[in-house]
Each structure stands twice: as structure tokens, then as C-alpha cells.
Number of protein chains: 2
Amino acid sequence: MKFSLAAAFLALPLAHGFSSLAGLSSTTSKTSSSQLHAGVERNPNFGKLAGGYLFPEIGRRRNKYLEENPDMADRIISLGIGDTTQPIPEHILSGLVTGASQLGTKEGYSGYGAENGQARLREKIASTLYNDLISPDDVFVSDGAKCDIMRLQQMFGAGVTSAVQDPSYPVYVDTSVMMGQTGTQNSETMQYDNIVYMACTAENGFFPDYENAPRADVVYLCSPNNPTGAAATREQLEGIVKLCKERGSILVFDAAYAPFIRSEGVPKSIFEIEGAKEVAIEVNSFSKYAGFTGVRLGWTVVPSELTFSDGTPVRNDFNRVMSTAFNGASNIVQNGGMACLDPEGLKEINTLIDYYLENASILRETMESIGYKVYGGTDAPYVFVELPESLGGSWDAFSMILEKAQVVTIPGAGFGPGGEGYLRLSAFAPRESVVEACDRLKKALA
Amino acid sequence: MKFSLAAAFLALPLAHGFSSLAGLSSTTSKTSSSQLHAGVERNPNFGKLAGGYLFPEIGRRRNKYLEENPDMADRIISLGIGDTTQPIPEHILSGLVTGASQLGTKEGYSGYGAENGQARLREKIASTLYNDLISPDDVFVSDGAKCDIMRLQQMFGAGVTSAVQDPSYPVYVDTSVMMGQTGTQNSETMQYDNIVYMACTAENGFFPDYENAPRADVVYLCSPNNPTGAAATREQLEGIVKLCKERGSILVFDAAYAPFIRSEGVPKSIFEIEGAKEVAIEVNSFSKYAGFTGVRLGWTVVPSELTFSDGTPVRNDFNRVMSTAFNGASNIVQNGGMACLDPEGLKEINTLIDYYLENASILRETMESIGYKVYGGTDAPYVFVELPESLGGSWDAFSMILEKAQVVTIPGAGFGPGGEGYLRLSAFAPRESVVEACDRLKKALA
């Protein structure tokens, strides 16, 4: 339904729900013809933000292509945004359905829960996923990792400096800009002033060289990495924990893809590293492996050992953000989270991960068979493809592949200037779509 | 389960889920005995915040009382936090259950949705609740009003000044402090510097006199009001919209209790007021009348007509916050929201509201029968009771009532210095608890 002035001003008599529940009287709001500007200055940090958020921008370009080529609508295959496509398996689903249906009974009904999540879920996360290496008291259950990153930024405030991998998940940089930690974007380097960009290239195994970068208060590290698919080794993580300790930095470790790690000895949590509790926060999510991208459930671990320079436990301030500016993850969804961590749920999750990793393997082999250099896709659901210079920039390659093969990808440059020259392929797609996309990519890129 | 060092370091062999899904290796994280402080300065705004967030503080005091009086555990009745207690009715429940169960099928599965909510829900909100007075494009569906207030604050940034009703829902002030808009709290007045407190007393009908208050960039107004229960008249709202227009202020109108309005002619949305689209944002929620306090669903309306002083539509920047720092309300829950707005759902909601308003009426009558002066509770689920001076401060009265009657209330001072001398009673409770609480209050206060 599009907004229509006629509907707004003439739709009388009033609709049922309207008159009985929230009935507005017939003296309606009228827009004056002369636009009036409120006397409130725009937050200058929002003026610094370049373009829109990456993934809606991808959607806009895809939709624009479809407007111009409406006959292609059925042919589009998305290997773009990392969005799960497989139905939620039986046991986990039963947790969600029960979570909903019990709200209809007097005994099963629940209202507000603790803002940091149900105690039983925090305990189960700590015991099942962390083998009690961390305390349930340090777990904050939430509606997802993206939202938690913003809440961490609210806690850190405008006064900190941030370091990010380049390329990286765009939320770290965008929220730093929104919070006022940065200067403006340099139109040549495409980097924001006052953010430390740590190049992650094939040469350094996509792991940042923090030692030779300027010190930052907060260091964002994602492993397995989005978008490069690189999973950091124990030695690499030991190194960066040590460096963060020496330099007095807080490490924000994004482990949203941890269960995709299948290689022996690769850490799945930063808290496997000695001393990490004194320097690290871990952000995590059920989204990618339980099919919860639309369901919304994540968590963040803030160890009680971690303090600011004045001795205040970081956990205290994060708790203040959670209790004041958040109201808990949905009780229905938390019940689904409990089911994820039952033995049957864990088994179902492993089956889903197998499925997506097999997709990643097919994507890897395809791109290699064309002669492209390929990274990631073994301990991660993302395949990072090095583009030949002949294809032009990564946004050019994105457009060419969309037009010739009707396959949506993500240009590396969307993840920061360091991603230029690469393309990210997501393994989150139905198998038949992946196979079909690979056929088309072979033809389009041959 | 409490955190135990022994469990963390000795629990080998590893648990099932742990080794297969997110298995941490046996080289575990060790806390050094000397506490190490990260070299990151604490966000100074968090240091300004007084105490904890109000409602957890109420919970702490209640729990402390129960620790000292464990035999009273079964006697406690909460008329404290405004938390729904009645099960979710049949039709709305079926929306939630279907929303969950369809995720188990290939056809019904959905992953990420639009960050601003499903189009069909935004359209239904605009048509059913606003009679298409507003555009679906101006509706942002979210996980609740509290979270949206923080997201609005992120958008406004540190540079704005805020005005609040005194007393008011504590989130407006607390998030203003967290964002750095304020100075420190004055230990005598208990007010933060650089916030405009607009006294709302029985004398002015609990409606703020913005005209005689200093100008602020953002004015927070809640009607029906939490905690006073006052519902603003059309004339009052016309006045404040006019003032905001003249003074170039943005009005953030919190309408979370709107459907509780039963009096004729009292506006349920700020957009019933002429010209409001150029000055107002409306925050709203399904929590209180659909029983969704734990389910989590709300929305915010940012009219496209509203701009910052440089002409930037406010909606654009709010959309940037929603898309960058939020990932959509749960798809399960949005399906429940659709059911709320069906004719059957609206009828169920009206029945729930009847129930809670009857509770409010019982509370009103009881307190009046004891001889107390009582406000609110007719177009709102809160009864605001004027305390005789003999009871001391409102925190004293809170403690006395907890100890003598085992009834949890909220002291008016918890809502700001202007709430001193009052007590808020919530009508969100089972009927039998309300009746029992009233008996006990009569005895305790007689």
C-alpha cells in the first residue's frame, strides 16, 4: 500500500481497529505546503557516513537491475548477503514453537525477562559452548551480534580510537563513525581519519599486523573472518592478545562464524587463549548456523576480569547499556536457543554447517577451475575470490556478474578499501542454486 | 550453575556440544592473579549515571527483603514494573505459533528481513492504527520502545539538549546522560545539568509548561503518561506541537499506552494534531496491551516531513541507525504483530485492556477509600498516589509497604525528583493479586 493523501484524509468512516483501539479523531494532521525545518542540528557524525549501509545498497543495485530487466526476476541467484536459506530443523523448531505456544497458558506465560537473558540460557551457553571456561554472569544474551556491536560502541563512547581489519564487516567502521570516534572520510584512500586500518591481504594470511599499526583503544577482530573466510590460528590469536595486553587495548572478538571451523587446533573462542579474559570481549550469534538470521538471537561475553583504566569493570557499564537501552531478547526466541544447545539441536546445527560448507567447497572448486585464486571457504561460509585486473574494480565485477550471470555477489570494496580486487561469495544458498550459479559463473567468467 | 574455577579448568573430557560444535582446546584461559587494567578510559558519561537503572534496582530491593525474610516469598505481590501477566489470547497466539512453525518448511522459511520491518506489517500499522494518516514508509518496526528511544538518541548524538517531564520514564534521562548530552547530577536537586526538567504536578494536570521552560532541541512527552497516568487533551497537545514548531524543537511522543485511552476526544496519536508531522516522532509498542513485554515488538513513526535544520530528513538518519545497528524484529514476532491487527486480534486486545483497566479502577477506589489523593488509572494502566507527608519520602513508603504488606510498588522519586511524594501502582497483575494487595494496603496504610 503506498501512502495516498486521498486515503489519509478521506477514509471515513473509520476502520474497525482504528475507532475501537487507537481511533484517531477526524481532525487530521495536515502537512503545510512550505517545508518547515526543525531548529535541531543534524548529528554531524551522520554527515560523515559515506553512502548507505552496504547490504541495503547491494539490494538497491539488484532491484535497479531487475527494474530494467524484469524478465530476469526468476533467474536471480543470491550469493550476496550471508543469509541462511535452509529451514530450521525439527528439534530447534520445537523449541521455538513451544516458546510461542506456552505464552497462551497461565503457567507458561512470561513477561519481561532479565535484560541480559534468561539465567538457564546463559548457563547453558557457558557450559555447552565454553565448557564453563567463562561464567554465566559474563554472558549477555541479545537479539544479535550487529546490535551488540552498536551497544558496545555506546558503552565505549566518542572518546576511544578503534582499529579494524581492512577489509572487514562494515558495522565496526560505520558505528565508530556514528558514535563520533572518527574524522571524515578521505576521498582518495576511502579511509576515515582516526580509525586504524590494518591491512589483511593474502600476503599476511588476512591477519592484521597490529604490532606495526598505531595503537588503538579498541581492536575489532573477526575469526573466522567476514569477508575473507580466514580463520586465525592459535599463534596468531596468542600474538594479538599479548599485543593488546601490552598496549592496553580492548579486543572485540567477533566469533559469529566459530562453529564453521573444522580444522584441528583452530580456536573457536578467544577465551581459549591464555590471558584473554583481561583484554577481550567476545561477540557471538546463533544466526548463521541455527538459521536464526530472521529469528534474532546472539550473545556477548564480557569477562568480569576486564576493566577500564580507572578500574571500573567493563561488564558493569555494558550491563548498564543492556538494562537501560535494551529489554531482553524475545522469550520465544530464547526458548529456541535452549533447544539449539540440546544434544539434538547441536547435531542439527552440525548438519546445517555441513550443508553450507559443502556449498563453499563447490564455490571454491568452481572458481579455481576458472583459474581464479581463492581464499576462505574451508573453516568459514565465505569464499574470497581474487579478481584479475582485467575485470576492473570489484564494483565493476559485481555489476558484470549480475548482468551476465544474474548472480548477486558482494564486491570486496564494500568491506573497506582493502577489499578492492576481491569478490565475496556466500555459501548460504540452496544447493541447487549454488550449482546453477557455478555453471553460470563458469560461462560468464570464462 | 555458578562459575567455578575447578569446573572451568578440570572439566575434561570435553562435553559433547563443546567438542563437536565449538570445542575449545584444553589450553585454557587463565586469569592472572594481578588485576590488569586495560589502557582504555571509561566513557565519562557512564560515570555520571546515578545508581542502576530503576527497575533492576526495584528488583534488588525486593530480593534483599526476601533474603532477610525467606518465609515471605509466596506472599509477594508485584504492582511494581509495568509487566503484563495475562496469557496471550488465542488469535494473537496463533500468529506467533504460525510465525515459528512456518520456519520449519522450505516455503515458509525466511532469513533476514528488512531492518525497518516487513512491508505488510508497516502497511497494516499505518492503515489499522493510523487510518493511513501516516505512510507505511515512515514506520520503523522494532523490538520495542525502550530500544527505539536509545536508537533515537544515537541519531540525535551528543550535541542536542533534551527536555523531559518530571517525573518521567527514566530511559529518556538515562540515555541522554549515556550519550553525553548532559552534565553531572546535582546532588541537591538530583537533576542533571543541561537537561530541561519540566515539572508535572497535580497543579498543572501533570502536563509540562514548555512555554516557560528553557528551549530544548528534543522534547520527550509520554501520553498516557508513565508514571502519572495522565492522558493529555487535544488542546494540550495542540499547544505543545505549536510551541515545538515555534521553538524549532523535535517532539518525541511516547504513545506506548495509547490504546488504554477510553475517554472520548483524547488523542491516541500525536499525528491527530495538525502540523505534528513537521515536529514529531512517535514511539510505540505492542508490549502493554498484547502481552508482548517478553515477546518484544514495537515501532517508531518518523514522518518524511520532519527535517533537521540543514534540511536532511530525520527519517534518513533514523533509517541509517536501523539498518546499520539493528537487524529487524524477529520474523516470528512480526507475524504475531500481524495477528494483533486482525479484527479478532484487536478484539482480544480490547478485552485485555478492559481487564487491566478494571484492576486500575480497583486500585483507585482502594486508595481513595483510605483517604489518599489518586491520579491516573482511567485512561492508563498506572495509578499515581499522592503520599501523606507522614510516610516520609517515596522510597521510605516503598520500603514500608514492602515490609508491612509484601506489595512491590514504585516510588515516585524513581522517575525523577519531581516524582517525590508519590507512589506508582501498576495495574498489570492478575485480578486476585490486585484484590489481595488492596486488602493488605488498606490494613498497612490504615
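This structure is a prediction, so every number in the text was calculated from the model and none was measured.

A.B. asks: How would you explain the relation of the copies chain B and chain A if you had to name every residue and give the values?
C.D. replies: Taken as rigid bodies, chain B and chain A are interconverted by a rotation of 180 degrees and an axial shift of 0.0 Å, the fit giving an RMSD of 0.0 Å. Within this description, the copies of the chain are treated as partners about a two-fold rotation axis. Taking the C-alpha atom as reference, chain B places Val97(B) closest to the rotation axis, 2.8 Å from it. Comparing interface residues between copies, 100% of those in chain B also lie at the interface in chain A; the contact surface is shared.

A.B. asks: Tell me what's going on with the packing of aromatic side chains, and back it up with residues and numbers.
C.D. replies: Counting across every chain of the model gives 39 aromatic pairs over all chains. Measuring from centroid to centroid gives 5.6 Å for Tyr169(B) and Tyr172(B), while their planes differ by 80 degrees, and the two rings are edge-to-face. Here a set of aromatic residues connected by ring pairs shows up, and it is made of Tyr257(A), Phe260(A), Tyr355(A), Tyr356(A), Tyr382(A) and Phe428(A). Across from the ring centre of Phe326(A), 4.1 Å away, lies the NZ or CZ of Arg151(A), which sits over that ring. A cation over a ring is seen here: Arg247(A) above Tyr210(A), with NZ or CZ 4.4 Å from the ring centre.

A.B. asks: Give a detailed account of the side chain of Ser285(A), specifying residues and quantitative values.
C.D. replies: Residues and elements named next belong to chain A. Mapped onto the secondary structure, Ser 285 falls in strand β7 (residues 280–285). Given the relative accessible area of 3%, Ser 285 is considered buried. A distance of 2.9 Å separates the side chain of Ser 285 from the backbone nitrogen of Ser 287, its partner in a polar contact. Those residues in contact with Ser 285, other than ones at most four positions away along the chain, are Ala 145, Ala 256, Leu 297, Gly 298 and Trp 299.

A.B. asks: Account for the pairing of strand β5 (residues 218–222) of chain B, naming residues and giving values.
C.D. replies: All names here are of chain B. The buried fraction of β5 amounts to five of the five residues, a majority that puts the element mostly inside the structure. Burial along β5 is two-sided: Val 218, Tyr 220 and Cys 222 and Val 219 and Leu 221, pointing in opposite directions, are all buried. Here two bridges tie strand β3 (residues 162–166) to β5, and the two strands are oriented parallel to one another. Residue pairing in the sheet places Ala 163 in a bridge with Val 219 of β5. Pairing between β5 and strand β6 (residues 250–254): five bridges, direction parallel. Bridging from a neighbouring strand, Leu 221 pairs with Phe 253 of β6. Handedness of the β-α-β unit built from β5, helix α9 (residues 234–247) and β6 comes out right-handed.

A.B. asks: Tell me about the packing of helix α7 (residues 145–156) of chain B against helix α11 (residues 314–325) of chain B, residues and numbers included.
C.D. replies: Residue and element names in this part refer to chain B. Viewed as axis vectors pointing N to C, α7 and α11 meet at an angle of 115 degrees, and their least axial separation amounts to 9 Å. For the pair α7 and α11, the crossing hand works out as right-handed. Contacts between α7 and α11 involve Asp 148, Arg 151, Leu 152, Gln 154 and Met 155 from the first element and Val 314, Asp 317, Phe 318, Val 321, Met 322 and Ala 325 from the second. Each residue belonging to the contact of α7 with α11 can be placed in one class, and the counts come to seven nonpolar, one polar and three charged.

A.B. asks: Could you give me a rundown of the interface of chain B and chain A, with the residues and numbers involved?
C.D. replies: Interfaces are frequently sized by the accessible area removed from exposure as the parts join. Taken together, the contacts link 138 residues of chain B with 138 residues of chain A. Both faces combined, the contact of chain B with chain A buries some 11800 Å², and carbon together with sulfur accounts for 58% of it. At the surface where chain B touches chain A, the tally comes to eight salt bridges. Summed over the shared surface of chain B and chain A, the number is 36 residue pairs in polar contact (both at pLDDT 80 or more). Of the residues belonging to the side of chain B that touches chain A, the class tally is 59 nonpolar, 52 polar and 27 charged.

A.B. asks: Kindly report on the domain arrangement of chain A, identifying the contributing residues and their values.
C.D. replies: Residues and elements named next belong to chain A. Assigned domains of chain A: these are domain 1 (54–81 + 345–445) and domain 2 (90–342). Taking only C-alpha atoms, the centre of domain 1 and the centre of domain 2 are 26 Å apart. Across the contact, 31 residues belong to domain 1 and 35 residues belong to domain 2. For the domain 1 and domain 2 pair, buried surface summed over both sides reaches about 2600 Å², with 63% attributable to carbon and sulfur atoms. On the domain 1 side of the contact with domain 2, Asp 379, Tyr 382 and Phe 415 bury the most area, a combined 24% of that side's loss. At the junction of domain 1 with domain 2, the criterion picks out one salt bridge. Taking the shortest distance from any N to any O, the salt bridge between Arg 262 and Asp 354 comes out at 2.5 Å. Linking domain 1 to domain 2 there are 14 residue pairs in polar contact (both at pLDDT 80 or more). Secondary structure elements with two or more residues in the side of domain 1 that touches domain 2: α4 (54–68), α13 (343–370), β9 (373–376), β10 (382–386) and β13 (422–426).

A.B. asks: Can you lay out the pattern of salt bridges for me, pointing to particular residues and giving the numbers?
C.D. replies: Per the counting criterion, the structure on display carries 36 salt bridges over all chains. Residues Arg61(B) and Glu57(B) are paired through a salt bridge, measuring 3.0 Å at the closest nitrogen-oxygen approach. Residue Arg61(B) and its partner Glu57(B) are located together in helix α4 (residues 54–68), separated by four residues, close to a single helical turn. Across the salt bridge formed by Glu278(B) and Lys245(B), the nearest N and O atoms sit 3.0 Å from each other. On the criterion of sequence distance, the pair formed by Glu278(B) in the loop between β6 and β7 (280–285) and Lys245(B) in helix α9 is long-range, its members being 33 residues apart. By relative accessible area, Glu278(B) is classed as buried at 3%. Through salt bridges with shared partners, a single ionic network connects Glu57(A), Arg60(A) and Arg61(A).

Calculation rules
- Residues numbered from 1 in each chain as written.
- Chains lettered and ligands numbered in written order.
- Predicted model: local features only at pLDDT ≥ 70, side-chain atom pairs only at ≥ 80, totals over all residues.
- Heavy atoms only, no water.
- Least-squares fit on C-alpha atoms with pLDDT ≥ 70 in both.
- Contact = heavy atoms within 4.5 Å.
- Phe/Tyr/Trp six-rings, centres within 6.5 Å; stacked < 30°, edge-to-face > 60°.
- Lys NZ or Arg CZ within 6 Å of the ring centre and 35° of its normal.
- Helix = DSSP H or I, 4+ residues; strand = E, 2+ residues; numbered from the N terminus.
- Buried < 20%, exposed > 50% of the residue type's maximum accessible area, 1.4 Å probe, protein only.
- Polar contact = N/O pair within 3.5 Å; in protein donor to acceptor, adjacent residues only side chain to side chain.
- Pairing = 2+ DSSP bridges.
- Right-handed = clockwise from strand over helix to strand, strands pointing away.
- Axes fitted to C-alpha atoms, helices over the stretch in contact; angles between N-to-C directions.
- Left-handed = near helix turned anticlockwise from the far one by under 90°.
- Nonpolar A, V, L, I, M, F, W, Y, C, P; charged D, E, K, R; others polar.
- Buried area = accessible area lost by both parts, 1.4 Å probe.
- Salt bridge = Lys/Arg side-chain N within 4 Å of Asp/Glu carboxyl O.
- Domains from an automatic or database assignment.

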